[in-house]
Amino acid sequence: MTALKLTDLISRAPWREAVTYRETWPHEYVLSEKDGQQELLEAVCERFRAGEGVTGRFFRMKNTYLFIGDHKYWLMTHWDDMKPGVNYVLNRASLYRDRRDFVIQPGDTGRAEDYPLRPEFRG
């Protein structure tokens, strides 16, 4: 099979809404094994390994995000700790195009109307 571009893999993936977070932090996800998205997961991990990820914070938790098109992507497991045959989650959320793409803080729910007027920043 010819290797697909990352954007093609993304567009073909069966993204599903994370219903648990529908009202608090809307995003989508795919499962590497259950959804047959091993190639997409590996392509994203290659980008992280190449240093293309950007460090951000989701409340107190630091994470690394990959920005592609109108979405940011992240993993719940570090890309160097992944093992073959294990079902991993690849998440994505629409970009806000403001500092919330990098730092999520108390009082922020992911809805535009809840974004703090004077966002706190701690490096």
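Preceding this paragraph is the structure being described.
Residues numbered from 1 in each chain as written. Predicted model: local features only at pLDDT ≥ 70, side-chain atom pairs only at ≥ 80, totals over all residues. Heavy atoms only, no water.

1. Overview of the pairing of strand β6 (residues 89-94)
Then, number 1: Here strand β2 (residues 28-31) pairs with β6 via four bridges, running antiparallel. Bridged to tyrosine 29 within β6 is asparagine 91.
Then, number 2: Bridge count between strand β5 (residues 71-75) and β6: five bridges; the pairing is antiparallel. Within β6, the position partnered with tryptophan 74 by the bridge is asparagine 91. (Pairing = 2+ DSSP bridges. Helix = DSSP H or I, 4+ residues; strand = E, 2+ residues; numbered from the N terminus.)

2. A closer look at the side chain of serine 32
Then, number 1: If you trace the backbone, serine 32 turns up in the loop between β2 and α2 (38-49).
Then, number 2: At 3.3 Å, the side chain of serine 32 forms a polar contact with the backbone oxygen of valine 86.
Then, number 3: Looking at serine 32, its side chain comes within polar contact range of the main-chain nitrogen of tyrosine 88, at 2.8 Å.
Then, number 4: Not counting the four nearest positions on each side in its chain, serine 32 is found in contact with Gln37, Gln38, Leu41, Val86, Asn87 and Tyr88. (Polar contact = N/O pair within 3.5 Å; in protein donor to acceptor, adjacent residues only side chain to side chain. Contact = heavy atoms within 4.5 Å.)

3. Some words on the sheet that holds β2
Then, number 1: Ordered in space as β1-β2-β6-β5-β4-β3-β7, the seven strands form an open sheet in which the pairing is mixed. The open sheet has two edge strands with one neighbour each: β1 (16-17) and β7 (103-104).

4. Thoughts on the pattern of salt bridges
Then, number 1: The tally for this structure, following the rule as stated, stands at five salt bridges.
Then, number 2: Between arginine 16 and aspartate 35 there is a salt bridge, and its shortest N-O distance comes to 2.8 Å. Here arginine 16 is found in strand β1, whereas its partner aspartate 35 is found in the loop between β2 and α2, with 19 residues between them in sequence.
Then, number 3: Judged by its relative accessible area of 24%, arginine 16 falls in the partly exposed class.
Then, number 4: On the accessibility criterion, aspartate 35 (17% relative accessible area) is buried.
Then, number 5: As a salt-bridge pair, glutamate 28 and arginine 92 come within 2.7 Å of each other at their nearest N and O atoms. Here glutamate 28 is found in strand β2, whereas its partner arginine 92 is found in strand β6, with 64 residues between them in sequence.
Then, number 6: One connected set of salt bridges, linked through shared partners, spans Glu42, Arg49 and Asp80. (Salt bridge = Lys/Arg side-chain N within 4 Å of Asp/Glu carboxyl O. Buried < 20%, exposed > 50% of the residue type's maximum accessible area, 1.4 Å probe, protein only.)

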